[in-house]
Amino acid sequence: MAAGQPYGQGARVWIPDSVHVWRAAEITKGYEEGDSILHLRLEDGSPLIYPLGSQLPPLCNPECLSGKDDLVALSHLHEPAVLHSLRVRFLEANAIYTYCGIILVAVNPYKLLPIYEDEVIYAYSGREMGDMDPHIFALAEEAYRQMVRFGRNQSLIISGESGAGKTASAKYAMRYFTTVGGGLGDSSMEEKVLASSPLMEAFGNAKTTRNDNSSRFGKYIEIGFSHACVMGATIKTYLLEKSRVTFQAKAERNYHIFYQLCASAALPELQALHLRGAETFYYTQQGRCSAGTDDASDLDSTRHAFSLLGVPEVDQLELFAVLAAILHLGNVTIRGRDRHGDGCFVEPNSEALGLFCALLGIEEVQVTRWLCHRKLVTAGETYMKPLSRQQALDCRDALAKHMYGQVFRWMTSRVNRALRSPEGHHTSIGILDIYGFEMFDLNSFEQFCINYANEKLQQLFNLHVFKLEQEEYVAEEIPWVFIDFCDNQPCIELIEGRLGVLDLLNEECKMPQGSDGSWAQKLYQTHLGSSHFQKPKRPTDAFIVCHFAGKVEYQCDGFVEKNRDTIPEELVGLLRASKSALLTELFLEDGDGPTSRRSSGSRSAHPSRRSIPGTQKSKKSISSQFKSSLHRLMETLGSTTPHYVRCIKPNDSKLPFVFDSRRAVEQLRACGVLETIRISAAGYPSRWTYQEFFERYRALLSKEELVGDDAKQSCSLALERLLQDPSMYRCGKSKVFFRAGQVAFLEELRCRRLRAACTLLQRHLRGWLARRRFRRIRAAALCLQRHTRGMLARRLTAELRRSRAAVVLQKNVRMALARRSYLRVRRAALTIQAFSRGMFARRLYRQMVRHQKAVVLQAAVRGWLARLHYSRLRRAVLYLQCCYRRARARRELQRLRAEARSVEHYKQLHKGMEIKVMQLQRRLDEQAQEKQRLAEQLSALNAAHAEEVQRLREEMRWLREDAAHDAQVQRLQERLAELERSSAESCLAQEVEELRQRLAEVEAVKLHLGEERDALIQRTLEQSQDLEEQHQRAARESRGLQQELEEERARYQSLVQDYARLEQGYENLRDEVAFHRQSTFRRSPSSESFLGSESSYMSSMSTAPSRDGSDLQAEGLEERWQPPTEVPQPPCPMEDPMPNTAVGQDRFEKAYLLLLGQLNAVTEELARTREELGRSKASAEHEERKPLDFLKRRNIAEMLGLGRSPEKAAGDDLKHAYDAVQVANKLLVSQLQEEKQHHEEEVEGLHLDIRSLKQLSQQQAALIQDLQRHQGQEGLQHHVVRLKEENWELSQKLERQERTTLKLQKQLRTYMKQIQEFTAMKKEPPTPGQEPAASLTVPSSSGPPQAMLAWRLEDEGRIIKAIITDYRLQSSPGAMPELPAYVLFLCIRHADHCRDEPRAHSLLDAAINAIKRVMKVLGAGKLLGDKHSDDFDVVALWLANACRLLNCLRQYGRDESCHQGNTAHQNEHRLRNLDPQGPCHSLGALAVQLYQQLVRTAEKRLKPMIVAAMLESETIQGLSSSCPPTHRRSSAPPAHTLPELLQQLGSFHHTLEHYGLSPAVGHQLLRQLLFLISGTTLNFLLLRKDACSWSRGIQLRYNVSQVEQWLRAQGLQQSGAREMLEPLIQAAQLLQVKKATEEDAAAICSLCTVLTPQQVVKILRAYTPTAGLEERVSPAFISSVENRLQEQQAEGPSQLLVDTSHFFPVHLPFIPSPLHLDELCIPHTVDLAFLVRL
């Protein structure tokens, strides 16, 4: 290949840029050798003349390689290509992880991404590193898999700048290891390992200008594994930044723990520390930085982590006291004695110093002394030297730093102690979170140590990369050529070698008068000739070291003092003598720094306060400590297989998804990524397997090269022809290796060949289309000519016919017009005559009618006048008579009063008083009746009078109308005469005017009718809208009801699942206790069965009844289930755990009773309404009877005043009594009317309430019908009907149960007593070794069959063993799958027949426990590696039996709704005494557990097949060649295909049908499994960028259509399973649609209705266009789609991945058994001969 070919016209190159570092440009004129300039065109279209130097600008990679997962896979490997790929992946695809050989480059997004959920962990678990998109989980899985497979220790080396995300990456890796390695280990150990992170962050992290949570120390976390499970961990720390304790720069903070304590100072347990706000302490207020987090809640997390790690509360508070003392120490004020600074003193009565000494338990005087003085010890004397103020402040700060360093060291040791496993570990994975290369404006001792550590790590990295390259070449038998790489060993020797920088620094620290300046001079004298050491030009004490990442200038100021790290010995002695046990422990540890010592005596002995300082040999400088720890770290990493994570900080502003190219390039150069690229580019970076090369470049192969089956031979021949230079490639054993740029050249050749082929196809296709179009046009022209000629001929013929027809028409029309005119005139004359004759006839008739009415009116008026005169005379006569009678009555009254004064008359009057009273009472009754009759007559007369008046008024109105008509007739006659005299023209004009007026009236009426019509239409529209709103409201209510029903199901099944988990835990504990007691206690099989049944019996007693029961049954459940007191029970050694089980189930009982209460709310409301209606009717009847009762209760004599004493009665007047009676009658009548009116109003109100209730019931019935019509799910319909039936049944049963409760309880006691007496008389007392329950009488087997199996209590264990524990369907040919359920029900019927309810419950509980044990053994066998092929069959078998037994209890129980499908013979076998409510609930819970285990069993079989079958299998051949294989992903064929997956689904479906499970259950299982298939496939599609392409979308849609076709073939298209595939269908369509314009964005938004916005955006960002045929999806288009989706689905954040562990609520329908119980056939192979069939 010529040198100028890559730089031809149209090629793209990278040129340097001051802003973007590198900028792409296109060559407009081909490069020729010797040219000094290069003609370019920039991306904005502007031309550029680029001067060439010694090297040509680097070439751009092809578009198909842009944004690859692995940077090593790029054809052109150089810095601009790496930077461009990272920028494209970060900004366009939002991909923060990228591979670069063995390095995982992680760019900090500064935004929380949904890619770290548990679903993502499970998706990456068990996958190869190249199968999924780059991720920290993929690298962690690679390390974990290599550790498990090869048994070699692994390590993750995470480095980067502050704020690049190192700590977050380390936490995610730890979380991954604890999740995948937490299978069989101690679950609390994983929690402890994760809890160590917030603890280390609280004590070792702080806010800096670059990072809000910057780690100010390096750490190496070693996680130990044993048998692939986490067993413990160890944390090693490096170079804590202790200077931050006493000094913080602007906008920075101290360590988090100080601010957490200050924020929580108000807590009661922390008030003794006397803390205040952080702004009041000198050590926390220097940065003046506001808190960005909730420090109080962070302290809660820290204390919780301490508790998880086993640190008691007392030690925590004591530790907090030490930290508070450090804060108070910073507030101690020290003042100078004079201006010269010769001495200093602590401010008297310093509150801060007092608090410091009080918290630490030391003497304040001693602290004051040694803060301001220093002790000098010579050979014979000891001197006290006063310190200056600055020296005293430095002494104070040194003490604070030393105390915090010891606290951090103690905290790390306590964490390691808690994470240490007593059993040890076999292998380990280390996570190194260490600072990256640092280069600031001012670099000091800390930066020197950090860069020294990075030099060592870079050397290890270079050696590892070189070793991997060598191993790859040797394995493929490629001739090995030594690759020269940058070895930084000279730089390391400069730092740590003999007389190196560290040696000279340590030597200077040993000198008494050592200083930074003298040390700098020694460096200049020793290393100035070294190539890696330079002296700065400025006259300062500084030096420059040439590191691998660049030159760094270090300021010598502070090096010597920081390396010495001296602290006052006297103050340390005071702390050692403290009363605090924790403080003593802190300063008695080994490695205490320059002043630490350990006494040879007991550890508890306190040292003297005036301890003698150690010798100079005992002191160890900071650099020496760091060097030794770094060497140990290198040894540890050297013994492991390293995996590298390089964290990149994209910008300094912490903005999400903003990429600063200059900052990124600086970090790439410093972290070794470009070095990896350079080493790879020096060899053969592009490596393809022969099969991949053959499939990708098949179009470049000739016919001769395609002959044969040897892909290696074909590839070799093709490469010899295509690449003439043999040095550009090498053929290995299984791969072909290419030099840099050769893959791009092959891609160009492939594009040219494909373009030429497309041109050829287009040419032939366009020619064929043109010929076909010409033939069609020619045939169309001939056809048009033929039809045109025929049309013209037909047009001429039609013209002739029309001319002839016109003549005939004119003749007939003229005749018709003349005839029409004659007929019109004739009709007009006849009409005028008819109207005139009618008018005269009507006039005569009206005149006769008026005459007759006048006669009638005269007669009526005369009669009325006569009656009026008579009535006036009658009233006058009556008035005269009344006056005369009144005068006579007065005279008679005076006479009677005179007579009444005599005693004799009074006595005679008294004798006849009773008779008179009776007569008066009778007269009153008669008068009342007469009054009522008169009132009725009066009302009738009034009505008649009103009718007569109305009739007369009508007649008067008619007379007035007749008179008006007469006047009008007269006027009309006059007008007619005038009209007759007028001319015909005026008459006609008047008639025309009248007609116009009538027409106007008609138009007005029409307009009015139109307005009414519009109003009616408007009202109709409003009513239709109201109806539509009601329909929508009903639909929403139906959806709400459905959702509530689903939520209730899910909540109930979650409760069942929790109960199963608790029960499983209880079983595990019981088995463990039984195992420990096996040596001292053994039970017989019957006793074990009885113990298990008793535990289930007690658990069943604690559960609530099912929904079919009433409140009375829920309250009396415990009483009904209580066994007879006369039957003793055997002792149970496991009685102690039972109350705990009952207590554990109380919450399930309460939750279920709450559901039952909600279900009965409607029934109680209906009952209350019925009671209120009854009370209203009773009150109305009572109000109607009230006036009569009042008259009956009141004594008439009392009303008349006759019941008083004779003295008062003598003076009463009889007329007054009569008037009182009349008044009372009027009052009673008015009261009666008011009561009746009130009653009528109440009745009307009740009628309205009844109508409203009827309307409500009708609406509910309509809603139910609508639900039944629109909802096709059988489960929802069944539940709605069931709820309706339960409401009706509960309303009917409520009254009946209230009446019969007491009677049933009395009968139950009576029957129990009779049975006991009968048993005592007929049977002898049982022997001591015999079971009392076995003495129950067994009915005779004579007579008709009773469909039951007679058994005794001691046979319970044998029954369970025969039909459950040892039952195998394969060993019983001819037996039905549901035989165990039928046998159990027959035994239950026998117990019910014998009225032995406890025995039936015991058998049921034993059966349930046995089934659970079978499932437990099945699960344990799988955990131990026992691969059973029939585990799905076993679970399906017992699920079918549980459902059948549950349906039998319902079918033959007390629920009348379940008896509708029974025959008369089946109704004879109903249970008579046993209440199946509780057993049905237990069996329902068991069935739900079995269903969930069935789903999990099926999922375990399907999960390994889903991705391979749905995504990786190539059912449409040839599509995979359009996407080039990646550098890491294997090209091996998929392990499973789509037909295998469908075959497995068919096997599940056939198994369910074979065991007789309900089709509804099978549909629900299939729906759950297709949800798993859809969710898993979609998750892997979202996590694999290579799968998001057009060809993969076609393949995926085809695979989904195959699944749909299988559903149709199996007749399952109505099962609701197809809806589970909708997300996959929409994802496949999203990959195929166009993605360019706003119309496309709108189409995508309308298409993706099931996918969440995050999923749609993720697929668009990961979409890989076909090379040469498609363009990349623009970020603007993705933003437009994202905004549209957010507007459509404004429901908050959604989840990226599908939660495949979600369980849909299961519904177990009731299906009655068609089998008659007496027809059941039990095979002889089942060992049930001891049962007697009745």
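What you see is a predicted model, and the numbers here were worked out from it, not measured in a lab.

With 345 residues, the main nonpolar core has F177, F203, F356 and F543 as its most contacted residues. Examining the composition of this core, we find that 17 residues originate from one element, helix α44 (residues 1477-1512), more than from any other. Not counting the four nearest positions on each side in its chain, F177 is found in contact with A140, Y144, L156, I223, F225, V230, I429 and I431. Grouped together as the second largest cluster of nonpolar side chains are 12 residues, A11, V13, A25 and I27 included.

Attention shifts here to the pattern of salt bridges. When the charged atoms of two side chains lie near each other, side chains of opposite charge can form a pair. Applying the stated rule across the entire model yields 45 salt bridges. Of the charged contacts, one joins D69 and R89 as a salt bridge, the two residues approaching to 2.9 Å between their closest N and O atoms. You can see D69 sitting in the loop between β4 (47-51) and α1 (79-91) and its partner R89 sitting in helix α1, a full 20 residues away along the chain. Summarising the burial analysis for this pair, D69 and R89 share the class buried. Put simply, E666 and R663 hold a salt bridge, and the shortest N to O gap is 3.1 Å. Taken together, the residues span about one helical turn, with E666 and R663 both in helix α20 (residues 661-671) at a distance of three residues. For E666, a relative accessible area of 45% gives the class partly exposed. In this structure R663 comes out as buried when scored by relative accessible area, which is 9%. Overlapping salt bridges, with partners in common, bring together E161, K649, D652, R663 and E666 in one network.

With that out of the way, let us pick up the sheet that holds strand β6 (residues 103-107). Strands sit in the order β5-β6-β20-β7-β16-β10-β11 across an open sheet of seven strands; the sheet is mixed. The two strands at the open ends of the sheet, each matched to only one other strand, are β5 (97-100) and β11 (229-238). Taken pair by pair, the neighbouring strands of this sheet meet at an average axis angle of 20°, ignoring direction. Note that strand β7 (residues 154-160) and strand β16 (residues 427-433) share five bridges and pair parallel. Considered in β16, the bridge of L156 is made with I431.

The subject of this paragraph is helix α50 (residues 1653-1662). Of all 10 residues making up α50, eight are buried, and the element is well covered by its neighbours. All of the buried residues in α50 are P1653, Q1655, V1656, V1657, I1659, L1660, R1661 and A1662.

There is a patch of like negative charges on the surface, built from E1022, D1026, E1028 and E1029. Take D1026: its relative accessible area is 40%, and that puts it in the partly exposed class.

It is worth spelling out the pairing of strand β2 (residues 21-27) at this point. Summarising burial for β2: five of the seven residues are buried, a large majority. Taking the residues that link successive antiparallel strands as the turn, the strand β1 (residues 12-17)-β2 hairpin has three residues. Both β2 and strand β3 (residues 37-42) contribute to a ladder of three bridges, which runs antiparallel. Bridging from a neighbouring strand, E26 pairs with R41 of β3.

Together, L765, W768 and L769 make up an exposed nonpolar region whose accessible area comes to about 280 Å². On the secondary structure map, L769 appears in helix α25 (residues 742-900). Residue L769 is classed as partly exposed on the basis of its relative accessible area, which comes to 35%.

The phi angle of most residues is negative, glycine excepted, and most peptide bonds adopt the trans form. Within the chain, H227 stands out as a residue other than glycine whose phi angle is a positive 55°. Structurally, the position occupied by H227 is in the loop between β10 (218-226) and β11. A positive phi angle, near 55°, is found at F657, a position not held by glycine. Looking at the element boundaries, F657 is found in the loop between β20 (641-648) and α20.

On to the sheet that holds β2, then. Taking strand neighbours across the sheet as the criterion, the four strands line up as β1-β2-β3-β4 in an open arrangement whose pairing is antiparallel. A single partner strand is all that each edge strand has here, and the edge strands are β1 and β4. Strand-to-strand, the axes of this sheet are offset by a mean angle of 50°, without reference to chain direction. Here β1 runs beside β2; their pairing, made up of six bridges, is antiparallel. Bridging from a neighbouring strand, V13 pairs with A25 of β2. α1 rests against β1 and β2 of the sheet, and its axis sits at about 100° to β2.

Calculation notes
Residues numbered from 1 in each chain as written. Predicted model: local features only at pLDDT ≥ 70, side-chain atom pairs only at ≥ 80, totals over all residues. Heavy atoms only, no water. Core = buried A, V, L, I, M, F, W, Y, C linked by side-chain atoms within 4.5 Å. Buried < 20%, exposed > 50% of the residue type's maximum accessible area, 1.4 Å probe, protein only. Helix = DSSP H or I, 4+ residues; strand = E, 2+ residues; numbered from the N terminus. Contact = heavy atoms within 4.5 Å. Salt bridge = Lys/Arg side-chain N within 4 Å of Asp/Glu carboxyl O. Pairing = 2+ DSSP bridges. Axes fitted to C-alpha atoms, helices over the stretch in contact; angles between N-to-C directions. Patch = residues over 30% accessible without salt bridge, like charges linked within 9 Å, V, L, I, M, F, W, Y side chains within 5 Å. Areas by Shrake-Rupley, 256 points an atom, 1.4 Å probe, with all protein chains shown as cover. Lys, Arg positive; Asp, Glu negative; His and termini not counted. Charge placed at Lys NZ, Arg CZ, Asp CG, Glu CD.

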